Protein chains: 4
Amino acid sequence: MIDTPATPLNQEELQALLEQLAKEAPRCFGEGRVASYIPALAEVEPDQFGIAVCHADGRVQCAGAASTPFSIQSISKVHALVLAMQRLTPEEIWSRVGREPSGQAFNSIVQLEVENGIPRNPFINAGALMVSDMLTSRLVMPQHTLREQVRRLAATPTIDFDERVARSEMDHKARNAALAYLMQAYGNIHSDVELVLDTYFHYCALAMNCVELAKSFAFLANRGVNPNDGTRVFSEIHTRQMNALLLTCGLYDAAGDFAWRVGLPGKSGVGGGIVAILPRRMSICVWSPRLDSYGNSIAGRHALEGLVSGLRFTPMG
Amino acid sequence: MIDTPATPLNQEELQALLEQLAKEAPRCFGEGRVASYIPALAEVEPDQFGIAVCHADGRVQCAGAASTPFSIQSISKVHALVLAMQRLTPEEIWSRVGREPSGQAFNSIVQLEVENGIPRNPFINAGALMVSDMLTSRLVMPQHTLREQVRRLAATPTIDFDERVARSEMDHKARNAALAYLMQAYGNIHSDVELVLDTYFHYCALAMNCVELAKSFAFLANRGVNPNDGTRVFSEIHTRQMNALLLTCGLYDAAGDFAWRVGLPGKSGVGGGIVAILPRRMSICVWSPRLDSYGNSIAGRHALEGLVSGLRFTPMG
Amino acid sequence: MIDTPATPLNQEELQALLEQLAKEAPRCFGEGRVASYIPALAEVEPDQFGIAVCHADGRVQCAGAASTPFSIQSISKVHALVLAMQRLTPEEIWSRVGREPSGQAFNSIVQLEVENGIPRNPFINAGALMVSDMLTSRLVMPQHTLREQVRRLAATPTIDFDERVARSEMDHKARNAALAYLMQAYGNIHSDVELVLDTYFHYCALAMNCVELAKSFAFLANRGVNPNDGTRVFSEIHTRQMNALLLTCGLYDAAGDFAWRVGLPGKSGVGGGIVAILPRRMSICVWSPRLDSYGNSIAGRHALEGLVSGLRFTPMG
Amino acid sequence: MIDTPATPLNQEELQALLEQLAKEAPRCFGEGRVASYIPALAEVEPDQFGIAVCHADGRVQCAGAASTPFSIQSISKVHALVLAMQRLTPEEIWSRVGREPSGQAFNSIVQLEVENGIPRNPFINAGALMVSDMLTSRLVMPQHTLREQVRRLAATPTIDFDERVARSEMDHKARNAALAYLMQAYGNIHSDVELVLDTYFHYCALAMNCVELAKSFAFLANRGVNPNDGTRVFSEIHTRQMNALLLTCGLYDAAGDFAWRVGLPGKSGVGGGIVAILPRRMSICVWSPRLDSYGNSIAGRHALEGLVSGLRFTPMG
C-alpha cells in the first residue's frame, strides 16, 4: 500500500494563489455585518481581508492585510484548551465538558439545562467558560500564563490583550454571566464567577494578526511540535484529537456546513478571524470582519474554500 | 512543501494487525447488548467479530467472521444518499435536509418540530426517511435500484434484502411512522408515508458481510472511483463532501467522541456494523453485535481505535 | 359567615344582555381567520355569531345564530373525557394522561417526547387521542356510544357526525398521526392507530349548534345532574374536577389569558365554538368562526368577557 | 335565576373542622423533605403544622401551630405583584411578563430562552425576578415599601425580614442570578442585577405565621377590600384577575393537579406555606415544612383538600 498524494503546490504557486484569494475577497464585501454586541468590535472597518499560511516547517506566506491586528475572540478558546490539556488530566477536563457538536447556537443556554450544566464542547461559550474556570482555579496568574503561551507558540513576544475590548466585554457580560451562573448552580464552576468572566474576556480580547495566529496554530499541522522553536506542545495523539474536535465543533452550529465545504479542522471568532489546519502540512489564518448569521467570517470562509480547491488535497479525500 | 507520511504498513504487517484486533475483540464481549427492538435482530448471537479492509486499489484483507452476513441497518443510509446525490441536484436534496450534526439521539422528534420538519442531516432517521422519500418519488423501483447499486459497488451480485427483517421493522414502525408523518405535516414528504417506510425498511434490511461492506465503500477511499470495476461513482468533490459529512454526522450523538478517538469518517448501524474511511487509502468494515447506549458497536469501535493506532496515520494529523 | 352574592340578573335582564352581545359581535369581524387546515372548515361563512345559555334548572336563553349547526371540533374532547370518566377507573385514565397545562401549542409534539409519550392533559390533541384510544379499546362501538351520550346530554336525538368533515380530517391526518404513532412507540396506544384516528376525527366532526352545546354541558353547572332529563351524569367531585381541569387546560396555551379575562372553566374548538361554565348557575356556548393565533374564537371570547362583566359574579370573586 | 349555595358551616363547625385537620396532619409526616438548598431553611423542624382562616369580614379562626413564624418564600411573589399592579400600568407589567402556566419547573431557564427573555408568569422565579426589577426600578425603597404593605394588609406592624435567610439566599444565588442575567441579556431587566436579587431575596425572606398570612390575603376573598382596616387594595376586576392567575399558575408545574384536587386559587412557598382563596368567603393559610417533589407542602395540600371537602362549596361547583 503506497500513499500517493496529489503533487503539492510549490512556494510560488501557493503565493500566487494567496494573492488571488486576497484580490477576490472584496466580492464578499456586500454581505454580512461586523459584530456589534460591543462598541469596540462594532467600530472595526468592515472591508478588510488578510490571509497567512504557516507551513509545517515554519515558513510563512501571506497576502492582504495579514499584519493588521484584530480581536481573536473565540479563536482563543483553542489556546485555552491547549493550556488546559497540558496542565490537567483528561479526567479533570472531560468529566466537566463534552466533546460533541452542540446542534445549538454558540451561546444557547437550553442545552446546558437539559444536560445538567455540562457544556457540549469546549468551543461553545459555556464550554469555554468552563475551561476558563479550570485555568482560573489551577493557575496563579491565568491571564499572564495564557499570554505567555500564545507569545511562545507564535514566537512573537509583543502579543497582548486589548484592555479596552476586555472591559467592553465585561460591560456586556449578561449572557455569559447567565451561562456561568447556571453552571455554578449545577456545581460545575469552582472559582468566583466574576473572576472566571474576567479571565474569559481577557482571553477573547487577545489582539493578533493573521501571521501570528497562523504561527500559533502551526504545531497542530506538525504532529504537535511548534516549528517556530522546535518544542513539543502536544503529543501526536493530543494533536489528532484536537484537530478532530475542531472539525466537528469548531464552527458552532455551522460546523457541518464548514466541514462539507472546506473539510479542514478550524475555529472561527466574531472578530472575523478563522484558523484552519491542513494536518501534517500547514496552518492557515484568514481574516475579514463581515460575519454571516452564524457569526463566521463570510470572506474568510470563501477564501478557505478557494484555498482547498487550489491545494488539490484535503484530509477528506 | 513536502508531504512526509509515516511509512505505511505493508501487507503482512496489516494482516497481522487485523488478526490481532480479531483476537482481542472478545475482551469487549462482557459489555453492551444486541439491538432488541425487533425480534429478527434480538436473535443474533452477540459474541461475534469480523473486520475487513478494502484498499484504494481494490485489494481486500480481513480477519475474524468477515464473511458472516448481518443486517447493515443505518449503514444503508450512506448508500441511499449516494444514489440521491447521483440522481438529484444539490438543491433538490439540501433544501429538504440539513448537513449539521443533530446534537440529539438518532430517532429524536424534538429537533424536527423546532426546525419545521427539516431533518438536521441525512444520517439521523428523519433525514434518512426524507432521502427514502426522494428516491421513492423519483425512481420507478427504488428498492430494486438501490440493491443493484450496492451489488455493483461491492462487485457482489448476490447481495439481497432480508425480507424477514424488513417485515419485522414494518411491524414495529411506530416511531419512524411518527417521524415521517410529522415531516408530511410540514409538507416535506411527497410520497405516501407507508410506501416511504417500506422503502426505508428494505434499505435497512440489506444483509451484507464485512468484506462486501468494505468493498461497497471503497470508492470513498479512492477519490470517487470504485476500484472493484474502475467506474467513477462520485466526483472528487462529492467524495470529499461525503467523507466530511460522515465525520461530523455519521455516528449520531456520539459523532464527536468517535472523531476524537478514531478520527475517520464513519457510519454505524444497530446491526453492529461500522464502516470507516481512510481517505485515499482504504475503507474498513468492522462488525460485532453488542451496542453501547448510543447504538454503536462496542468491539467495533475499539477495533477501529486499535487500527488507527497501528496505521500510524490519520487524516487528523 | 354568610355568602352574599351580587343580585343575579333576572330573565329579562339576561336576555337583553345576550342580545346586546350579539349586536356588538360584528365589531370583531375585522380580525382573525376561519380555520383552513381542511376544506370543510375553510368554507364556513366567517361573519356569524351565536350565543346560548342553559341555566342550572334547564331553561335556555339565546341570541344571534344560536340554532346554526357548526363543527364542534375540540369541544368534543370534553364529551369524550366525560365518557371515559364514567366507564374507566381514575387509575386507568390518569396513569396515561396528565392534568397539567401544557405550556405548548395544542398540537405540539415536543412535550410528548420529553415526557415519554404521556400527554400533559386530555384537551391537547395528544391527550384527546389517548382518550380516544381508551374508548376505542373499551367500547364495542365508540362512535355510536359517544353520539348517544351527546344526544342524551343535549336532549336532542338528531345530533350527528358530519361525515364530510370526518373524511376531510382523515385526509389531513399527518400531524395527528405523528402524535398517535409517537405515543404508540412509547407503548401508550393500545388500539390500531388508524382506528383511533377514525374515532377521534368522528368525535371532532360532531355538528351541533349553540343551544345544543350549552344544554350538553348543563350538568357541569348543576353539580353533575343533567337538568334536561334529571339523570346524574357525574358525582359532585367529578363535576368540580372537570371544571377545574377546564379552567387550567381548556384553552390550550391561552388558558391563563382566558382565566384572567373571563375567569370561567371553558373549552374552545377551531370550528369557532367556546363552551364555558358558571358553576351552580349556567353553561354558556358562544360561536363565531374567526380565530385568533391560538385557535380560539375572537368574537366568542369577547362576548364571554362581556357576559361575565354583565353578570356581576364569577367563581373568581 | 337564583343562586343556591350549600349551607355554609357555622363558626363552631368550622373550628371543629380545623382542629380535626390539625390532628390528622401528622399522618403526612412520614413523607417528603424540608427545603435544603439554604442552611437557614434546612434547619427547620419538619414535623409541624398550622392552619388559619380569615373570613371576608375579618374574623380569624385557627388550629395547630398557627402562630409559629416561618419563611414565606414564594408566597411573597403575590405581595410583590399586588404592589406592582397598584403602582404600574397593566401595559408596564404585562409587556414584560406573561400570564400563562409555565409547564416547566419553577426555576427552569429553558422556556426563558425559547421565548426571548419573557417569563411565562409572575409566579415562576424568572417572573418574580422581573416583578422585583419593576419595583426596584420604580420605588425609592423597594424593600421598605413591600414590608409596609404586608404589615398593613395583615394589620401586624411587627412583620419583618429574616436577614439571615436573605443573606443565605444571596450566598446561594447562582440559579436566580442565571435567570436574571439571561433576562438582562434580552434587555428585560432595567436595574442592576445584584440589586434586583437583593430585593427579591428580601421579599422571599419575610417571616410570617399562618394567621398573619391568611389576614394579608383576606382582601382577595373580599372583592379587593382589606377587611382588617376597611381600605380598598384592589378593584373587583383586579381581584378576580389575581385569583384566576393564582388558580392557573400559583403552584408551579403542579398547578393543574392542585386545581383538580383543591379547586381554589392558591400560592405555595418552599418554606412549607400554602395560601388559598375561597372567593367572597375566606382566605386560608396552611403550613407544614415537608415538601413534595414540586416544592409544595404535603400536609398543607392534604389539609386544603380536607377543608374543601368539609366546606361543601368550591368555586368549581
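What counts and what doesn't
- All residue numbers refer to positions counted from 1 along the written sequence of the respective chain.
- Each chain takes a letter, starting from A, and each ligand takes a number, starting from 1, following the order in which they are written.
- Where totals are concerned, whole chains, interfaces and linings use all residues; where local detail is concerned, this predicted model gives features only for residues with pLDDT of at least 70, and gives and counts side-chain atom pairs only at 80 or more.
- Heavy atoms from the whole structure form the basis of all side-chain values; hydrogens and water molecules are not counted.
- The copies were overlaid with a least-squares fit restricted to C-alpha atoms from residues scoring a pLDDT of at least 70 in each copy.
- We call two residues contacting when some pair of their heavy atoms lies within 4.5 Å.
- UniProt positions are given in the numbering used here, feature names are shortened, and annotations may be inferred rather than shown by experiment.
- The classification of residues rests on relative accessible area computed with a 1.4 Å probe and restricted to protein chains. Under 20% of the type maximum is buried, over 50% is exposed, and intermediate values are partly exposed.
- Within 3.5 Å is the distance limit for a polar contact, defined as a pair of N or O atoms, with the added protein rule that one can donate a hydrogen and the other accept it, and that residues adjacent in sequence qualify only through two side-chain atoms.
- Between Lys or Arg on one side and Asp or Glu on the other, a salt bridge is scored when a side-chain nitrogen of the former is within 4 Å of a carboxyl oxygen of the latter.
- Secondary structure elements are taken from DSSP: a helix is a run of H or I of four residues or more, a strand is a run of E of two residues or more, and numbering for both begins at the N terminus.
- Fitted lines through C-alpha atoms give the axes, limited to the stretch in contact for helices. The angle between two N-to-C directions lies from 0 to 180 degrees.
- By definition in this entry, angles of less than 35 degrees are roughly parallel, angles greater than 145 are roughly antiparallel, angles of 65 to 115 are roughly perpendicular, and the rest are oblique.
- Note on convention: the crossing is left-handed when the near helix lies turned anticlockwise from the far helix by less than a right angle, right-handed when the turn is clockwise.
- The span you would expect from a helix comes to 1.5 Å times its residue count less one.
- DSSP calls a pair of strands paired once it identifies at least 2 bridges connecting them.
- Here the buried area means the combined drop in accessible surface, using a 1.4 Å probe, for two parts upon being joined, counting both sides.
- Nonpolar residues are Ala, Val, Leu, Ile, Met, Phe, Trp, Tyr, Cys and Pro. Charged residues are Asp, Glu, Lys and Arg, and all others, Gly as well, are polar.

Looking at the relation of the copies chain C and chain D
Now for step 1: Note on the identical chains: chain C maps onto chain D by a rotation of 180° and an axial translation of 0.0 Å, with an RMSD of 0.0 Å. What we have between these two chains is a two-fold relation.
Now for step 2: Of the residues that chain C buries at the interface, 98% are likewise interface residues in chain D, meaning the two copies contact each other through the same surface.

A closer look at the UniProt feature "binding site: substrate" (unreviewed entry) in chain A
Residues and elements named next belong to chain A.
Now for step 1: Taking the numbering used here, the UniProt-annotated feature "binding site: substrate" (unreviewed entry) corresponds to Ser74, Asn125, Glu169, Asn176, Tyr200, Tyr252 and Val270.
Now for step 2: Asn125 gets classed as buried once you look at its relative accessible area, which sits at 7%.
Now for step 3: A distance of 2.7 Å separates a polar atom in the side chain of Asn125 from a polar atom in the side chain of Lys77.
Now for step 4: Overall, the relative accessible area of 4% leaves Glu169 in the buried class.
Now for step 5: In contact with Glu169, not counting residues within four places along its chain, are Tyr37, Ile38, Gln73, Phe201 and Cys204.

A short note on the pattern of salt bridges
Now for step 1: Counted according to the given criterion, the structure contains 60 salt bridges over all chains.
Now for step 2: As a salt-bridge pair, Arg138(B) and Glu92(B) come within 2.8 Å of each other at their nearest N and O atoms. A residue pair is termed long-range when its members are at least 10 positions apart, and Arg138(B) in helix H6 (residues 125–138) and Glu92(B) in helix H4 (residues 90–94) qualify at 46 residues.
Now for step 3: In this structure Arg138(B) comes out as partly exposed when scored by relative accessible area, which is 42%.
Now for step 4: Ionic pairing is found between Asp57(C) and Arg59(C), a salt bridge with its closest N-O pair at 3.0 Å.

A short note on the packing of helix H9 (residues 174–185) of chain B against helix H9 (residues 174–185) of chain C
For any two helices packed against each other, one specifies the inter-axial angle together with the distance between the axes.
Now for step 1: Here H9(B) crosses H9(C) at 160°, and the two axes come no closer than 7 Å. With respect to H9(C), the element H9(B) is oriented roughly antiparallel. The element H9(B) and its partner H9(C) pack so that their crossing is left-handed. When H9(B) is examined against H9(C), the residues Ala174(B), Arg175(B), Ala177(B), Ala178(B), Tyr181(B), Leu182(B), Gln184(B) and Ala185(B) are found in contact with a partner set consisting of Ala174(C), Arg175(C), Ala177(C), Ala178(C), Tyr181(C), Leu182(C), Gln184(C) and Ala185(C).

Examining the relation of the copies chain A and chain B
Now for step 1: For the pair chain A and chain B, the best superposition has an RMSD of 0.0 Å and corresponds to a rotation of 180° with a translation of 0.0 Å parallel to the axis.
Now for step 2: By residue overlap, the copies meet face to face through one surface: 100% of the interface positions of chain A are interface positions in chain B.

A word on helix H7 (residues 142–154) of chain C
Residues and elements named next belong to chain C.
Now for step 1: Its 13 residues give H7 an end-to-end C-alpha distance of 18 Å, which sits within 8% of 18 Å, the value for a rise of 1.5 Å per residue.
Now for step 2: Among the 13 residues that make up H7, 10 are buried, leaving the element largely enclosed by the rest of the structure.
Now for step 3: For H7, the elements touching its buried residues are helix H3 (76–87), helix H6 (125–138), strand E4 (160–161), helix H10 (193–204), strand E5 (206–208) and helix H11 (210–216).
Now for step 4: Just downstream of H7 lies Ala155, where phi reads positive at about 50°.

Observations concerning the side chain of Gln149(D)
Now for step 1: One can find Gln149(D) in helix H7 (residues 142–154).
Now for step 2: Aside from chain neighbours lying at most four places away, what touches Gln149(D) is His79(D), Val82(D), Leu83(D) and Gln86(D).

Concerning the pairing of strand E2 (residues 60–64) of chain C
Now for step 1: Of the strand pairs in this sheet, strand E1 (residues 50–55) of chain C and E2(C) are connected by 5 bridges, and their pairing is antiparallel. Residue Val53(C) lies in a different strand from E2(C), and its bridge partner there is Gln61(C).

What about the interface of chain C and chain D?
Now for step 1: Facing the 47 residues of chain C at the interface are 46 residues of chain D.
Now for step 2: Note on chain C versus chain D: buried area summed over both sides is about 4400 Å², and carbon and sulfur give 57% of it.
Now for step 3: Our enumeration of links across chain C and chain D arrives at 2 salt bridges.
Now for step 4: On inspection of chain C and its partner chain D, the count reaches 11 residue pairs in polar contact (both at pLDDT 80 or more).
Now for step 5: Contributions of two or more residues to the side of chain C that touches chain D are made by helix H12 (236–249) and helix H13 (255–261) of chain C.

A closer look at the packing of helix H1 (residues 11–24) of chain A against helix H14 (residues 298–311) of chain A
Residues and elements named next belong to chain A.
Now for step 1: At their nearest, the axes of H1 and H14 sit 10 Å apart, and the two run at 155° to each other. Of the possible angle classes, the one that applies to H1 and H14 is roughly antiparallel. In the crossing of H1 with H14, the sense of the turn from one axis to the other is right-handed. Contacts between H1 and H14 involve Leu14, Leu17, Leu18 and Leu21 on the former and, on the latter, Ala303, Gly306, Leu307, Gly310 and Leu311.
Now for step 2: Considering only residue class, the contact of H1 with H14 consists of 7 nonpolar, 2 polar and no charged.

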